[in-house]
Amino acid sequence: MNDKQIAQLRQLPSVDRLLEASDALSDYYGRSMVTTAARTVLEQLRTEIRTANANIDLAIPTILAQVEAHLTEQVAPTLFPVINATGVIIHTNLGRAPLSQNAIHAIEQIARGYSNLEFDMANGKRGSRSVHAVDLVQSLTGAPAATVVNNSASGVLLMLSALCAGKEVIVSRGQLVEIGGGFRMPDVMRQAGVTLVEVGTTNRTHLRDFSNAITENTAAILSIHHSNYKIIGFTTEPTLSELAQLAHANDLPLLFDQGSGALLDTTQFGLEQEPLVQKSVADGCDVIVFSGDKLLGGPQAGVICGRSDLIATIKRHPLARAVRPDKLAYAGLAATFDSYVRGKALEEIPVWQMLAQTVDEIAVVAAEWCAILCAAGANASVIAGHSTVGGGSLPGQALPTMLVAIEAEKPDLLAERLRFATVGIIGRIQQNNLLLDPRTVLPHQRETVGRILNETFVKVA
Ligand SMILES: *Cc1c(COP(=O)(O)O)cnc(C)c1O
């Protein structure tokens, strides 16, 4: 070490000195956290002095700024809001369904304090959380009974464990699917202690394949919705009502893993029909499982509805306790169902608002962003394209939309810059363009997107 380095080491303030000068930091983070951060920063500076032999700024405000940066980084949340400009409405990686105002309000009310989650107001004694939201499910679907669990995956596991463990369940080979996130139907069945009996072929399964497979060990017939894939060409598979008739003639229940679980008709937006839960009930399914945060547009939850005796058996199974929803999910789910009961789902639930947006409405927003971009010096244009439903609903189906296309030599760098903007914006890349779809950007975020686009390009230019 030379004299300059020795002098610099001596010049370093003590931890106590730093703490004295950092009242505001200590107030916010607490003394012990600031002490640890100060020690870390001082240690880094010592190392730097010994190895770098350079002029290092050792003024107290400079060091404090480093301590603060260290603290900020330490407490930075890992989960934060982003803006979805991908055009995928139910984007699992981006948190699936944004909630309605009613659902947010209901969650806030329950989060703020105590509630009657498991308390019977009539007699002032312990009640059951499983009463919440079920009346709404029953009136919307026509199912005589219902219960709610943590998500649809756990709902399927619980249903099979409670109703079919130790016995055989018959499934078409065309439906032995992987949903995503490693949720594979054959694995789930094994986990539930069920023997899978595969029938038919990938593309064609007939009713007689099911009837030939029924034995005295059969517990149920299981149907699984084609959520995220399509089998096209030379294909056939029995309808739900045909399967229900066969199951009932043999005293068996028909179970349906419905996936997205729409309550409203998707054909009104030029899409194919995503199967309706109320139709599955009417077709004779005995137990149906569907998600809370896909096309329903609510919080993460799994809704199980169907025959009263089977739902009662499901509720009694020990796994039910392990997969029960929390109070916030009940609050959000009930408020979401409430919009459907009042006939206001299209207006109130963001997922359906996005589906219902017309190309003309989207074009207005796209034109605004494009104008901002061009004024800031970007090479942008508005082009026709497609949005998708996503989230295991209507695979291969697309909604016409208008996109803002930003041409860039390195679109992945531009995408990164937008991801790290004050509010991260997620778009998609197509060749040399970064594409932004206004359909999935919530109305209150449109201005923010405009501002960020302006800042991003004004800075670059
Ligand atoms: C999405 C889906 C699931 C899983 O639902 P989660 O609510 O995400 O647990 C299960 N089955 C089908 C058919 C699905 O589409």
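Since the model is a prediction, treat every value here as computed from it, not as a measurement. Here the residue numbering is sequential within each chain, running from 1 through the sequence in written order. Note on the predicted model: pLDDT of at least 70 is required for a residue's local features to be given, and 80 or more for side-chain atom pairs to be given and counted; whole-chain, interface and lining totals, by contrast, use all residues. Neither water nor hydrogens contribute to the side-chain values; these are computed over all heavy atoms in the structure.

Q: Looking at this structure, how should I read the packing of helix α8 (residues 152-164) against helix α13 (residues 308-316)?
A: Two quantities define a packed helix pair, namely the angle between the helix axes and the distance between the axes. In this description, a line fitted to the C-alpha atoms serves as the axis of each element, helices being fitted only across the stretch in contact, and the angle between N-to-C directions of two axes falls anywhere from 0 to 180 degrees. Per the convention used, a helix needs a DSSP run of H or I reaching at least four residues, while a strand needs a run of E reaching at least two, with both numbered from the N terminus. Where α8 contacts α13, the two axes come as close as 9 Å, and the packing angle between them is 105 degrees. When the interaxial angle is binned, α8 and α13 end up roughly perpendicular. Residues Leu158, Met159, Ala162 and Leu163 of α8 touch α13, and the partners they reach there are Leu310, Thr313 and Ile314. Three residue categories are used. Nonpolar comprises Ala, Val, Leu, Ile, Met, Phe, Trp, Tyr, Cys and Pro, charged comprises Asp, Glu, Lys and Arg, and polar comprises the others, including Gly. Residue classes in the contact of α8 with α13 are distributed as 6 nonpolar, 1 polar and no charged. For classification, angles of less than 35 degrees are called roughly parallel, those exceeding 145 degrees roughly antiparallel, those between 65 and 115 degrees roughly perpendicular, and all remaining angles oblique. Residue contacts are defined here by distance: any two heavy atoms, one from each residue, within 4.5 Å place the two residues in contact.

Q: I tried to follow helix α7 (residues 134-141) on my own but got confused; where do I start?
A: Side chains that are three or four residues apart share a direction in an α-helix, a result of its 3.6 residues per turn. Exposure classes here rest on a 1.4 Å probe applied to the protein chains alone. A residue is buried below 20% of its type maximum, exposed above 50%, and partly exposed in between. Val134, Val137, Leu140 and Thr141 are the residues of α7 that are buried. One side of α7 carries all its buried residues, which in axial view fall inside an arc of 130 degrees. Those residues of α7 that are exposed and angled more than 90 degrees off the buried face are Asp135 and Ser139. Buried residues in α7 make contact with β5 (145-149), α12 (277-282), β11 (302-306) and α15 (327-341). Two residues or fewer after α7 comes Gly142, characterised by a positive phi angle close to 80 degrees. The arc in question is formed by the directions pointing from the helix axis toward the C-beta atoms.

Q: What exactly am I supposed to notice about the domain arrangement of the protein chain here?
A: Interface size, as often reported, equals the accessible area lost upon joining of the parts. The source of the domain bounds is an automatic or database domain assignment. Taken domain by domain, the protein chain holds domain 1 (3-75), domain 2 (82-90 + 352-460) and domain 3 (101-348). In this structure, domain 1 and domain 2 have C-alpha centres spaced 42 Å apart.

Q: Got a minute to help me understand the packing of α7 against α15 in this structure?
A: Direction vectors running N to C along α7 and α15 enclose 30 degrees, while the axes themselves pass 9 Å from each other. Note on packing geometry: the crossing formed by α7 with α15 is left-handed. Between α7 and α15, the residues in contact are Leu136, Val137, Ser139 and Leu140 and Ala334, Phe337, Asp338, Tyr340 and Val341, respectively. Taken together, the residues of the contact of α7 with α15 break down into 7 nonpolar, 1 polar and 1 charged. Here a crossing is taken to be left-handed if its near helix is turned anticlockwise relative to the far helix by less than a right angle, and right-handed if that turn runs clockwise.

Q: Can you help me understand the site of the ligand in this one?
A: One heavy atom within 4 Å of a molecule or strand is enough for the residue carrying it to be called near that molecule or strand. Arg96, Asn151, Ser152, Ala153, Ile179, Phe183, His225, Ser227, Asp257, Gly259, Ser291 and Lys294 make up every residue found near the ligand. Nitrogen and oxygen atoms within 3.5 Å of one another constitute a polar contact, given that in protein one can donate a hydrogen and the other can accept it, and given that sequence-neighbouring residues count only through two side-chain atoms. A distance of 2.8 Å separates an oxygen atom of the ligand from a polar side-chain atom of Arg96. Shrake-Rupley sampling with a 1.4 Å probe provides the accessible areas, and residues are treated as covered by the protein chains on show and by no other component. Protein contact buries 94% of the 380 Å² of open area that the ligand shows by itself. Sorting the residues of the shell around the ligand by element identifies α8 and β9 (254-259) as the ones contributing at least two each. Residues of the shell around the ligand, tallied by class, amount to 3 nonpolar, 6 polar and 3 charged.

Q: Which parts of the structure should I look at to understand the sheet that holds strand β16 (residues 433-436)?
A: We call two strands paired when DSSP finds no fewer than two bridges between them. With mixed pairing, 5 strands are arranged side by side in an open sheet as β2-β12-β13-β16-β15. Every interior strand has two partners, whereas the edge strands, β2 (88-90) and β15 (428-430), have only one. In this sheet, neighbouring strand axes are inclined to one another by 40 degrees on average, regardless of whether the strands run parallel or antiparallel. Where strand β12 (residues 379-390) lies against strand β13 (residues 399-407), 9 bridges are found, and the strand directions are antiparallel. Residue pairing across strands places Val382 opposite Val404, the latter belonging to β13.

Q: Explain the pattern of salt bridges to me, please; I cannot follow it from the model alone.
A: Side chains carrying opposite charge are able to pair once their charged atoms draw close together. Criterion for a salt bridge: a side-chain nitrogen of Lys or Arg within 4 Å of a carboxyl oxygen of Asp or Glu. Counting across every chain of the model gives 16 salt bridges. For the salt bridge of Arg126 with Glu118, the shortest nitrogen-to-oxygen distance reads 3.6 Å. For Glu118, a relative accessible area of 25% puts it in the partly exposed group. One network of salt bridges, with partners in common, ties together Glu118, Arg126, Arg129 and Arg324.

Q: When you look at the sheet that holds β5 in this model, what are you seeing that I'm missing?
A: Whether parallel or antiparallel, the strands of a sheet pair through hydrogen bonds between backbone atoms. Taken in spatial order, the 7 strands of this open sheet run β5-β11-β10-β9-β8-β6-β7, and their pairing is mixed. Both outer strands of the open sheet, β5 and β7 (195-199), are each paired with one neighbouring strand and no more. The mean inter-strand angle of the sheet, taken between neighbouring strand axes irrespective of direction, is 20 degrees. Pairing analysis gives 5 bridges linking β5 to β11, with the strands arranged antiparallel. When the bridges of β11 are listed, Val149 appears paired with Gly302.

Q: What is the right way to read the packing of aromatic side chains from this model?
A: The relation between two aromatic rings is expressed through the spacing of the ring centres and the mutual angle of the planes. Aromatic rings from Phe, Tyr and Trp, taking only the six-membered ring of Trp, are treated as a pair when their centres fall within 6.5 Å; an angle between ring planes under 30 degrees marks them as stacked, one over 60 as edge-to-face, and anything in between as tilted. In total, this model carries 2 aromatic pairs according to the counting rule given. Pairing Tyr28 with Tyr29 gives two aromatic rings, centres 4.8 Å apart and planes at 85 degrees, and the pair type is edge-to-face. A relative accessible area of 17% places Tyr29 in the buried class. Criterion for a charge above a ring: Lys NZ or Arg CZ within 6 Å of the ring centre, and within 35 degrees of the ring normal. A cation over an aromatic ring shows up here: Arg204 above the ring of Phe234, its NZ or CZ 3.8 Å from the ring centre.

Q: Quick question: what am I supposed to make of the state of the cysteines here?
A: In a disulfide, the sulfur atoms of two cysteines are held together by a covalent bond. For this text, the term disulfide refers to a pair of cysteine sulfurs within 2.5 Å. By the definition in use, this model includes 0 disulfides. Lacking any disulfide linkage, Cys164 is separated from the closest cysteine sulfur, that of Cys285, by 14 Å. Exposure remark for Cys164: the relative accessible area of 1% places this residue in the buried category. We note that Cys285 lacks a disulfide partner, and the nearest cysteine sulfur, in Cys305, lies 9.1 Å from it. Note on Cys285: relative accessible area 7%, which makes it buried.

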